[in-house]
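Residue strings, one per chain:
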Amino acid sequence: MRFLYKRPRLDQVSDELDTLMEVMVSDLFIYLDLFVFSFIFTMFLSPVIPSLTIAILFFLASYSFFGCLYYFVIGKITIKK
């Protein structure tokens with residue numbers, strides 16, 4: 001069965017990897033990832049948080065903290081094209 005599989009050319013693989021890297025380091029993807037991680041973090045701490053209002057405030061605070069941390073630390077270090 002191996003003879004039926006045609007390996008892609010190196011330049012085609014390189015183009016696909018470049019496209020993937022552009023998506024993975026885009027700001028929109030990173031902020032969406034921070035949203036998901038903040039939501040998971042809030043869900044894990046939900047037994048300790050006393051009310052829904054406090055949970056929403058905790059989620060917003062953790063998302064804004066990690067978003068600001070990314071923007072001021074990582075965003076300022078990387079060179080934009």
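Residues numbered from 1 in each chain as written. Predicted model: local features only at pLDDT ≥ 70, side-chain atom pairs only at ≥ 80, totals over all residues. Heavy atoms only, no water.

## Some details on the overall build of the chain
Scanning the chain from terminus to terminus reveals three helices and zero strands. Secondary structure elements in the chain, listed N-terminal to C-terminal, are α-α-α. The C-alpha atoms of the chain give a radius of gyration of 20 Å, which is well past the 12 Å a tight globule of 81 residues would have. Taking the principal axes of its C-alpha atoms as reference, the chain extends roughly 60 × 40 × 15 Å. Taking as baseline every contact in the chain between residues at least 6 positions apart, the subset at least 24 positions apart corresponds to 53%. (Helix = DSSP H or I, 4+ residues; strand = E, 2+ residues; numbered from the N terminus. Rg over C-alpha atoms; globule rule 2.2 N^0.38 Å. Contact = heavy atoms within 4.5 Å.)

## Section: the confidence of the model for the chain
Reading fine detail from the predicted coordinates is not recommended where pLDDT is low. Averaged over the chain, the pLDDT score is 85; the fraction of residues at 70 or greater is 91%. The weakest mean pLDDT in the chain belongs to helix α1 (residues 10-24) at 83; the strongest belongs to helix α2 (residues 27-44) at 92. (pLDDT = per-residue confidence, 0-100.)

## Focus: the environment of phenylalanine 44
Its location among the elements puts phenylalanine 44 in helix α2. Since its relative accessible area comes to 67%, phenylalanine 44 is described here as exposed. It is 31 Å that separates the C-alpha atoms of phenylalanine 44 and lysine 76, two residues lying 32 residues apart in sequence. (Buried < 20%, exposed > 50% of the residue type's maximum accessible area, 1.4 Å probe, protein only.)

## A few points about the side chain of serine 38
By secondary structure assignment, the location of serine 38 is in helix α2. Since its relative accessible area comes to 1%, serine 38 is described here as buried. Leaving out residues up to four positions away in the same chain, serine 38 has contacts with Phe59, Ser62, Tyr63 and Phe66.

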